[in-house]
Amino acid sequence: MYTLLVFAAAIVFSAGVVSRGTGLGVETYKVIGIGTLYGSFGCLVIIAISSLFGEGFSSQINQNIDIMSSMLAENAEYAKLFGLDNMSTAEMTEFYRKLYQTMALLLPSVFIIWSAVAAYAECAAAHRILRKKDSGFRKMKPVREFSLTRSGLIGWVAVSMLAWVLNYAEVFSFSEAVNANVYVLFRAVFAFQGISLIAYIFHMRGWPRPLWVILTVILMVSNIGSTVLYVSGIVDALVNLKGKIGVRV
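Residues numbered from 1 in each chain as written. Predicted model: local features only at pLDDT ≥ 70, side-chain atom pairs only at ≥ 80, totals over all residues. Heavy atoms only, no water.

Helix and strand counts for the protein chain stand at 11 helices and zero strands. In the protein chain, the succession of α and β elements from N to C terminus is α-α-α-α-α-α-α-α-α-α-α. Across the 249 residues that make up the protein chain, the buried fraction comes to 33%. Considering only residue pairs separated by 6 or more positions, the protein chain has 71% of its internal contacts joining residues 24 or more positions apart. Only carbon and sulfur atoms are counted for the fraction: they give 68% of the accessible area of the protein chain, which is about 15,200 Å². (Helix = DSSP H or I, 4+ residues; strand = E, 2+ residues; numbered from the N terminus. Buried < 20%, exposed > 50% of the residue type's maximum accessible area, 1.4 Å probe, protein only. Contact = heavy atoms within 4.5 Å. Areas by Shrake-Rupley, 256 points an atom, 1.4 Å probe, with all protein chains shown as cover.)

Okay, here's the thing in structure tokens:
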């Protein structure tokens, strides 16, 4: 129950600031960024409130992990899939529990990414509604025009390095979780930069828009493809590939 409330909170908390920012004509991706912060704060509020009513969010997550671990340990097909045939049921349960606990460490980054997706969708909806009321209202800035600023690039690199150092030096007990979440967010931001690059190339070449959407989805669902997006996003942010492509075209 709390998980659904957390996801819903991201939508509710960001809706007001996104609609207001859009109506005031604030730059599209700045609105989305602020909406992401508000949505993430909303997630944090629900998690904090849940702890005041007995069984909190973390307790519920741990219970779900125990239930899922026990269920998987009794499934022979999953045992073969993970090569656990020689393990006892208790050993397999512990294996799945550790696996789920590792995945649970990434929930903060999942909530932040969800908040960003929600803010983007709300921004698109706000633009559509405002343009229906006023056809002269500016269009939403397209994905191909997204680009990290130099300060944004430096900031992400600095935060990632700091998280890595904290984890390497084992400064805090939660350093590993912080580093893992920062890494996921770092990849997500630069993967979106990569998606923006693909959209830009397709636009400059005059290729059909549905094709870059399909290509993006294919790349996102594979490890190699997501890495391609991530690396191309970093390269674009560093050397401005869009500008070079635009000059050649």
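The discussion continues.
Here the structure, examined in full by the defined rule, presents four salt bridges. Between E27 and K141 there is a salt bridge whose closest N-O contact spans 3.1 Å. One end of the pair, E27, is in the loop between helix 1 (2–23) and helix 2 (28–50); the other, K141, is in the loop between helix 6 (107–133) and helix 7 (150–169), with 114 residues separating them in the sequence. Judged by relative accessible area, K141 falls into the partly exposed class, the value being 26%. Note that R97 and E94 form a salt bridge whose closest N and O atoms lie 2.8 Å from each other. In this pair, R97 and E94 both sit in helix 5 (residues 89–104), three residues apart, roughly one turn of the helix. (Salt bridge = Lys/Arg side-chain N within 4 Å of Asp/Glu carboxyl O.)

Taking 1.5 Å of rise per residue, 22 residues should cover 32 Å, and helix 1 covers 32 Å from first to last C-alpha, within 8% of that figure. A bend of about 35° at A15 is the largest found in helix 1. Buried residues of helix 1: Y2, V6, A9, A10, S14, V18, G21 and T22, and no others. Looking at the buried side of helix 1, the elements it contacts are helix 2, helix 3 (57–73) and helix 6. (Expected span 1.5 Å × (residues − 1). Bend = angle between axes of the 7 residues up to and from the residue.)

Let us look at the state of the cysteines. Under the criterion given, the structure shown has zero disulfides. In this model C43 remains outside any disulfide bridge; the closest cysteine sulfur is found in C123, 18 Å from its own. Residue class for C123 comes out buried when judged on its relative accessible area of 0%. (Disulfide = S-S within 2.5 Å.)

In this section: the nonpolar core. Among the nonpolar cores identified, the biggest contains 24 residues, and I32, C123, F190, I198, W212 and L229 are the most heavily contacted of them. Where this core is concerned, the elements lending two or more residues are helix 2, helix 6, helix 8 (175–205), helix 9 (209–220) and helix 10 (223–239). Looking at this core element by element, the count peaks at eight residues for helix 8. When neighbours within four sequence positions are excluded, F190 is seen to be in contact with L148, L153, W156, L229, Y230, G233, I234 and A237. Core analysis: the second largest hydrophobic core is formed by 10 residues, V6, C43, F57 and F111 among them. (Core = buried A, V, L, I, M, F, W, Y, C linked by side-chain atoms within 4.5 Å.)

Now for the side chain of T93. As for its placement among the helices and strands, T93 is situated in helix 5. The class of T93 is buried, set by a relative accessible area of 12%. Apart from residues lying up to four places away in sequence, T93 is in contact with S69, S70 and A73.

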